[in-house]
Amino acid sequence: MRVLFTTWAEPAHLYSLIPLAWAARAAGHEVRVATPPSIVPAVTRTGMIGVPVGRDVAVEQIRNRADLAPWRSRGRWPRHWAARPDLLDADLRPVLAALGDKQVTVAEAMADDLVDFARSWRPDVIVHDSLTFAGPLAAAVIGVPAFGHTWGSATVMRVELTDLTGPPLRAYQELFARFGADPDRGPAGWLDPCPPSLRLPDPATRNRIPVRYTPYNGPGTVPTWVHRPGDGSGSGAAARPRVCVTAGISSTKLRPGELPEMVGRTLRALVAHDVEVVLAVGPGQAAGLGGVPKGVRVAESVPMNALLPSCSAVVHHGGSGTGLTAAALGVPQLVLPQIPVTAEIGERLADAGAGLILDPRLQDDPAAIGDAVEVLVNDGRHRRAATALAEEIGREPAPSTLVPLLEREASAVLADR
C-alpha cells in the first residue's frame, strides 16, 4: 500500500503524524510526506521521505490579518467554545471564518502540486492534518479515502465549515470546484490523539477514532545532566525539583537576541524559588538568546520526551505538542496561554487536575507564576492526577493498530472500482 501524509505546518502538526507514518513504514508500506518546501527539511529529519508541494505562503502575514486580532490576544473565550460555537458573540464569530479563510489560502498554494503528485504516485490512502485542506481535496480528485489527523485539540476544529458546524465556507467550496471535486465528501474518519478525559463533544464530527498520543518531538541528543537529579552536577548535593520552561520547540517562537515576554517573565519568577530551571529551545537558538537570568540552564535540541521525565513540572504556552507530551509522561503543567485555542488546552488540563492555568491578568505577576509552580511541585494531588492522565493515554490504541484500518479502507475503495 502507498500512504501519503500531508501537512501545512511544523513542528506540532507535522510531529503528530510521524508515529502513524512510521507505523505504516514498519508494516511494509510505502510512505511519503508532502508539505510546503520550507517544511521538507523538518520532514527529512524525522527519517521520512519528503515531497515539496506548492509554494510557501507568507503565513505570518496572513496570520496578522486584522480580522484575526481577537485570535492573537491572550484573552479567554467562553469555556468550551470549540464544542459550542454558539457561545461566541457577534465580535468573535467572524474570527472563525477568518481562520478558515487563512487555511484555504494555504491549501490553494499547495493544491496544484499535491493533486499532480497524487495523480502520478497514486497513493491508496491519504492522511492529512485536519487543517490541511489540500489533503481531502487530493483524495477526492483521485478517488481514494482520506483520514483527517488532529494534533491533540479538544475538538476536531472544523474551521472549513461555517461557524464550525454549518456548510462549507464559500472559499472552500470554490477550491474544490476548481478541480471538479465534491467539497461535501469528507474524510472516512478523524484520527484523534486527544485523551478521552480532555476531549469535548464535537457537534460537526462523528467518526473520531482514538489513537494513543505517542510523543515525538524531533531528533536530538540527551546530555548526561538530564539523568542526574537536582542541578545535574553530580555533586551529591540535595536534589532540587527541576522545572522546564518552553514556548514550544519551534524556530518561530524565539528570535535572536531576545526572549518572548512570557518566557523571560517566567524565568525571572522561578529563579527566586528553590528549583532548578531549564529553558528548552530549538536547534540553533541557544547562541542567540539574550536576557536569560543567571542560574537558568539552556537545553537546546533536547527532545521534550527525553527531558520531561526528569522534571517535576513544566511551564509552557499551551501548545498541544508540549501539553500532550507532558500529559503522556505524567508531568504536572502550568499553562500560560497566549491565544484562545491554547487556553482551551490549559482549561482541560486544569479540569483534569493535571495542571493549572493562569488568568491572563495574572500572567504578568511573578508571584502568581512562582506560587503556581510551587503548588505543582509540592502538592501531590497534581502529580497523581497527571499520573492518572498518563495511564489513560497509555490505554489508548497504539498508532500501529490503525494501520489495518487504513488497509481495510483502501481495499474497500479499490474493490468498488
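The text that follows walks through the structure, step by step, so that each part is easy to find. What you are looking at is a predicted structure, and each value in this text was computed from that prediction instead of being measured. (Residues numbered from 1 in each chain as written. Predicted model: local features only at pLDDT ≥ 70, side-chain atom pairs only at ≥ 80, totals over all residues. Heavy atoms only, no water.)

### With respect to the pattern of salt bridges
Worth spelling out the cut-off: When a carboxyl oxygen of Asp or Glu is within 4 Å of a side-chain nitrogen of Lys or Arg, the pair counts as a salt bridge. Only DSSP runs of H or I covering at least 4 residues are called helices, and only runs of E covering at least 2 are called strands; the numbering of each starts at the N terminus. Buried means the residue's accessible area, taken with a 1.4 Å probe over protein chains only, is under 20% of the maximum for its type, while exposed means over 50%, and partly exposed covers the values in between.
Within this structure, the stated rule accounts for 22 salt bridges. Across the pair Asp 351 and Arg 348 runs a salt bridge whose closest N-O atoms are separated by 3.3 Å. Highlighted residues: Asp 351 and Arg 348, both in helix α12 (residues 340–351), separated by three residues, approximately one helical turn. On the basis of relative accessible area, Arg 348 is assigned to the buried category, the value being 12%.

### Here we look at the sheet that holds strand β5 (residues 146–149)
Put simply, the rule is: Pairing between strands is defined by DSSP: at least two bridges between them are needed. To define axes, lines are fitted to C-alpha atoms, for helices over the stretch in contact only, and angles between the resulting N-to-C directions are given on a 0 to 180 degree scale.
Across the sheet, which stays open at both edges, the seven strands sit in the order β3-β2-β1-β4-β5-β6-β7 with parallel pairing between neighbours. Strands at the two margins of the open sheet, each flanked by one partner only, are β3 (50–52) and β7 (208–210). The sheet shows a mean angle of 30° between the axes of neighbouring strands, direction not considered. Alignment of strand β6 (residues 189–192) against β7, held across three bridges, turns out to be parallel.

### Focus on helix α9 (residues 261–270)
Formally: Contact between two residues is taken to exist if any of their heavy atoms lie within 4.5 Å; hydrogens are not considered.
Counted residue by residue, α9 has eight buried out of ten residues, so it is predominantly covered. Of the positions making up α9, those classed as buried are Met 262, Val 263, Gly 264, Arg 265, Thr 266, Leu 267, Ala 269 and Leu 270. Contacts made by the buried residues of α9 are with β8 (242–246), β9 (276–281), β11 (313–316) and α13 (366–378).

### A few points about the pairing of strand β2 (residues 30–35)
Heads up, the condition is: The path from the first strand over the helix to the second decides the hand: if it runs clockwise while the strands point away from the viewer, the crossover is right-handed.
Extensive coverage of β2 is indicated by the burial of five of its six residues. Of the pairings in the sheet, the one linking strand β1 (residues 2–6) to β2 comprises five bridges and is parallel in character. Looking at β2, one finds that Arg 2 is bridged to Glu 30. Bridge count for β2 against β3 is three bridges, and the pairing is parallel. Bridge pairing links Val 33 to Gly 50 in β3. One crossover worth recording links β2 to the parallel β3 by way of helix α3 (residues 40–45), and it is right-handed.

### Notes on the sheet that holds β11
The strand order across the open sheet formed by six strands is β10-β9-β8-β11-β12-β13, and the pairing between neighbours is parallel. The two strands at the open ends of the sheet, each matched to only one other strand, are β10 (297–300) and β13 (355–357). The mean angle between the axes of side-by-side strands here comes to 20°, regardless of whether they run parallel or antiparallel. Inspection of the sheet shows β9 paired to β10 by four bridges, in the parallel sense. Across the sheet, the residue bridging to Val 278 is Arg 297, located in β10. Contacting β12 (333–335) and β13, α12 runs over the sheet at an angle of about 135° to β13.

### Remarks on the packing of helix α7 (residues 134–142) against helix α8 (residues 170–177)
Put simply, the rule reads: With the far helix as reference, a near helix turned anticlockwise by less than a right angle produces a left-handed crossing, and one turned clockwise produces a right-handed crossing. Three categories are distinguished: nonpolar for Ala, Val, Leu, Ile, Met, Phe, Trp, Tyr, Cys and Pro, charged for Asp, Glu, Lys and Arg, and polar for the others, with Gly belonging to the last.
Their axes nearest at 10 Å, the elements α7 and α8 cross at an angle of 35°. In this structure, α7 crosses over α8, and the sense of that crossing is right-handed. Judged by residue contacts, Pro 136, Leu 137 and Ala 140 of α7 engage Tyr 172, Leu 175 and Phe 176 from α8. Of the residues that constitute the contact of α7 with α8, the class distribution is six nonpolar, no polar and no charged.

### Quick notes on the packing of α9 against α13
Worth spelling out the cut-off: Every angle not falling under 35 degrees, over 145, or within 65 to 115 is termed oblique; those three ranges are roughly parallel, roughly antiparallel and roughly perpendicular.
Two numbers describe how α9 lies on α13: the axes approach to 9 Å, and their chain directions differ by 65°. Our classification of the angle between α9 and α13 gives roughly perpendicular. Here α9 and α13 pass one another in a crossing that is right-handed. In this structure, α9 contributes Arg 265, Thr 266, Ala 269 and Leu 270 to the contact, and α13 contributes Pro 366, Ile 369, Gly 370 and Val 373.

### Examining the packing of aromatic side chains
For clarity, the cut-off: Each Phe, Tyr or Trp ring (for Trp, its six-membered ring) is paired with any other whose centre lies within 6.5 Å, and the angle between the two planes then decides the class: stacked below 30 degrees, edge-to-face above 60, tilted in between.
Applying the stated criterion across every chain yields a total of seven aromatic pairs. A ring pair is formed by Trp 71 and Trp 77, whose centres lie 5.5 Å apart and whose planes are at 70°; its orientation type is edge-to-face. Of the two residues examined, Trp 71 and Trp 77, each falls in the buried class. Measuring from ring centre to ring centre gives 5.9 Å for Trp 71 and Trp 81, while their planes differ by 85°; the resulting arrangement is edge-to-face. Within this pair, whereas Trp 71 is found in helix α5 (residues 69–72), its partner Trp 81 is found in the loop between α5 and α6 (93–121), the two being separated by ten residues in sequence. In this structure, Trp 71 and Trp 81 share a single accessibility class: buried. Feature note: the residues Trp 71, Trp 77 and Trp 81 constitute an aromatic cluster, connected by ring pairs.

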